[in-house]
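Now for the letters of each chain:
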Amino acid sequence: MKEVPLEDAYRLINHNPLLLCASIHRDRIGVLPVAWYMPLSKYPLEVALAISTTHYTARIITDSRELTMNIPYSAQLDLVMQCGTTHGDDVNKFKKFNIPIGNTKTSKAPYITSCAAYLAGKLMDSRLAMEHEIFKIKITEAYVEDDLFDGRWLIDTNPRARFLHHLGDGKFAIDGEYIDTKK
Ligand SMILES: Cc1cc2nc3c(=O)[nH]c(=O)nc-3n(C[C@H](O)[C@H](O)[C@H](O)COP(=O)(O)O)c2cc1C
């Protein structure tokens, strides 16, 4: 994987690919798909995620104040649905679904090594998270698989750089046509 300069990291998520967010606190580890999120500022990159505080992983994020936002390949849709239809209170998803993890540099939160990219970040406002279910995150590092991104996703040359978008109710779209208005 190669590091993405933090000034360019917003381009990993500018088109709102579906995320798998992961976090760890002491003996609890959680992961869940997140479709509802938006960038708030380019640099420093801040992101707002809408995550229900009833979710197991949300509680881990509020306790550890850290998370990773992993971008799964479209071929990982089964994993997305497995993680999105089970709860960490009942099952360790990392063990049950064989999710491989690695260490980030700037947080304790694990990243998913089988995904295309990840951004790691810190929770900025616990009260906003607990009272309004808005997780405001400041990104501290970003990494991507080497052949997928060069300042932008290479969707015109690499079909693996096409990601999932949740339409709702278990229906998805995958990135389509590439258009460059500067050419
Ligand atoms: C495709 C997809 C997208 C989802 N997006 C969100 C989201 O943006 N926010 C949220 O709170 N839950 C979202 N969910 C629901 C949680 O991911 C789901 O309830 C999950 O099982 C919670 O796991 P946990 O309790 O182990 O944390 C989504 C589920 C799916 C399948």
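The notes below deal with the structure included here. (Residues numbered from 1 in each chain as written. Predicted model: local features only at pLDDT ≥ 70, side-chain atom pairs only at ≥ 80, totals over all residues. Heavy atoms only, no water.)

Quick word on the overall build of the protein chain
Inference 1: When you go through the protein chain residue by residue, the secondary structure sums to 5 helices and 12 strands.
Inference 2: In terms of C-alpha radius of gyration, the protein chain reaches 15 Å, essentially the compact-globule figure of 16 Å for 183 residues.
Inference 3: Here the C-alpha coordinates of the protein chain stretch approximately 50 × 35 × 30 Å along the principal axes.
Inference 4: By residue count, 47% of the 183 residues in the protein chain fall in the buried class.
Inference 5: Contacts in the protein chain between residues at least 24 apart in sequence constitute 64% of all its contacts with a sequence separation of at least 6.
Inference 6: Total accessible area on the protein chain is roughly 9400 Å²; 50% of this is exposed by carbon and sulfur atoms.
Inference 7: The distance from the centre of the 22 positive side-chain charges to the centre of the 23 negative ones in the protein chain is 3 Å. (Helix = DSSP H or I, 4+ residues; strand = E, 2+ residues; numbered from the N terminus. Rg over C-alpha atoms; globule rule 2.2 N^0.38 Å. Buried < 20%, exposed > 50% of the residue type's maximum accessible area, 1.4 Å probe, protein only. Contact = heavy atoms within 4.5 Å. Areas by Shrake-Rupley, 256 points an atom, 1.4 Å probe, with all protein chains shown as cover. Lys, Arg positive; Asp, Glu negative; His and termini not counted. Charge placed at Lys NZ, Arg CZ, Asp CG, Glu CD.)

Side note on the pattern of salt bridges
Inference 1: All told, the structure shown has 7 salt bridges when counted by the stated rule.
Inference 2: Residue D63 is joined to R28 by a salt bridge in which the shortest nitrogen-to-oxygen separation is 2.6 Å. A residue pair is termed long-range when its members are at least 10 positions apart, and D63 in helix α2 (residues 56-64) and R28 in strand β3 (residues 28-34) qualify at 35 residues.
Inference 3: A salt bridge links D169 to K171, with the nearest nitrogen and oxygen atoms 3.1 Å apart.
Inference 4: The class for K171 is partly exposed, based on a relative accessible area of 45%. (Salt bridge = Lys/Arg side-chain N within 4 Å of Asp/Glu carboxyl O.)

A closer look at helix α3 (residues 77-84)
Inference 1: For α3, the set of buried residues is L79, V80 and C83. Taken down its axis, α3 places every buried residue within 105 degrees of arc, on the same side.
Inference 2: The inward-facing, buried residues of α3 contact β2 (19-25), β3, α4 (93-96) and β11 (164-168). (Arc of directions from axis to C-beta.)

A word on the packing of aromatic side chains
Inference 1: A complete count under the given rule lists 5 aromatic pairs for this structure.
Inference 2: When the centroid spacing of 6.4 Å and the interplanar angle of 35 degrees are considered together, the rings of Y73 and F163 count as tilted. Taken together, the residues span a long stretch of sequence, with Y73 in the loop between β6 (66-71) and α3 and F163 in the loop between β10 (134-144) and β11 at a distance of 90 residues.
Inference 3: Overall, Y73 belongs to the buried group, its relative accessible area being 10%.
Inference 4: Take F163: its relative accessible area is 0%, and that puts it in the buried class. (Phe/Tyr/Trp six-rings, centres within 6.5 Å; stacked < 30°, edge-to-face > 60°.)

Considering the site of the ligand
Inference 1: Surrounding the ligand, one finds 22 residues, the nearest of these being T57, T86, H87, G88 and K93.
Inference 2: Backbone polar atom of P33 to an oxygen atom of the ligand: 3.0 Å apart, as the coordinates give it.
Inference 3: A distance of 3.3 Å separates a nitrogen atom of the ligand from a polar side-chain atom of H55.
Inference 4: Coverage of the ligand by the protein amounts to 88% of the 650 Å² it exposes when considered alone.
Inference 5: Grouping the constituent residues of the shell around the ligand by class yields 12 nonpolar, 9 polar and 1 charged. (Near = heavy atom within 4 Å. Polar contact = N/O pair within 3.5 Å; in protein donor to acceptor, adjacent residues only side chain to side chain. Nonpolar A, V, L, I, M, F, W, Y, C, P; charged D, E, K, R; others polar.)

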